[in-house]
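Survey of secondary and tertiary structure
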Amino acid sequence: MLELTILGFLYERPLHGYELKERIQGLSGHVRPVSDGALYPAITRLVKNGLVDSRTEPGTAAAPRRVLSLTPEGRAELLARLRTPKDVEITDGQRWFTLLAFLGLLTDPAEQAVVLRRRQAFLDAPASFFYEEGTPVRAEQEPDPFRRGMLRIARATGTEEKAWLAETLAELDLKASRASDTP
């Protein structure tokens, strides 16, 4: 996910390493803080693979800084990752939010809708944090108040997300149909 996040923020504009780290921290730092030990090796891999360009420019009051920008290959890779995310990027809440933060970079509403439908299918499948004999435990069945709280919060969040997905899919479908009607 870190590489997707780097590519996504660099798609918007070139950034210095510190600026990039701040943006990543803002997106997911409270849940999964990013360390320099993870960020800079990821940047190095992306540069080595030709997806990110790194150039040095003079610092305003300090040492020279590296400016990172997306290469055409990096743009293509980002868009490909957004079109066909891994299953875990659909099912894991934090990874889903990261994907969602950049899904708008796809310009085709039909492509966006495909990704949202995958999330919708995941949310429609019966699930729980806890199971009894293979059956998902519902909040009303859970005697532990803290586990019951987890289940109720997840249900409320899921209900809102399903409503948002339905609304957004209707909008995207309308845009896609209008685009296909245009000669």
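Definitions and cut-offs
Starting afresh in each chain, residues are numbered from 1 along the sequence in its written order. Restriction of local features to residues with pLDDT of at least 70 applies here, the model being predicted, together with a cutoff of 80 or more for giving and counting side-chain atom pairs; totals for whole chains, interfaces and linings are based on all residues. For side-chain calculations, the full set of non-hydrogen atoms in the structure is used, while hydrogens and water are omitted. A run of H or I in DSSP becomes a helix once it reaches four residues, and a run of E becomes a strand once it reaches two; helices and strands are each numbered from the N terminus. A radius of gyration in this sense is built from C-alpha atoms; the matching globule rule multiplies 2.2 Å by the number of residues raised to 0.38. When accessible area is computed with a 1.4 Å probe and restricted to protein chains, residues below 20% of their type maximum are described as buried, those above 50% as exposed, and intermediate ones as partly exposed. In this description, contact between two residues means that some pair of their heavy atoms is separated by no more than 4.5 Å. Accessibility throughout is a Shrake-Rupley quantity obtained with a 1.4 Å probe, and a residue counts as covered only by protein chains that appear here. DSSP-based pairing: two strands are paired if at least 2 bridges between them are found. Helix axes are fitted only over the stretch in contact, all axes being lines through C-alpha atoms; the angle between N-to-C directions runs from 0 to 180 degrees.

Focus on the overall build of the protein
The number of helices and strands found in the protein is 8 helices and 5 strands. Each helix and strand of the protein, ordered N terminal to C terminal, gives the series α-β-α-α-β-β-α-α-α-α-β-β-α. Here the C-alpha radius of gyration of the protein, 20 Å, is well above what a compact globule of 183 residues would show, namely 16 Å. A principal-axis box enclosing the C-alpha atoms of the protein has dimensions of 60 × 50 × 25 Å. Taken across its 183 residues, the protein has 33% of its residues classed as buried. Here the analysis covers contacts within the protein between residues at least 6 apart in sequence; of these, 53% occur between residues at least 24 apart. Total accessible area on the protein stands at roughly 11100 Å², and carbon and sulfur atoms take up 55% of it.

What to know about the environment of Ala76
Tracing the sequence through the fold places Ala76 in helix 4 (residues 72–83). Expressed as a C-alpha distance, the spacing of Ala76 and Leu51, which sit 25 residues apart in the sequence, is 8.8 Å.

Details of the sheet that holds strand 3 (residues 65–70)
The strand order across the open sheet built from 3 strands is 1-3-2, with neighbouring strands paired in antiparallel fashion. Among the strands making up the open sheet, the edge pair consists of strand 1 (15–16) and strand 2 (52–57). With 6 bridges joining them, strand 2 and strand 3 adopt antiparallel strand pairing. The partner of Thr56 across the bridge, within strand 3, is Arg66. Against the sheet, helix 1 (residues 2–12) makes contact with strand 1, strand 2 and strand 3, and its axis sits at roughly 90° relative to strand 3, the strand it touches most.

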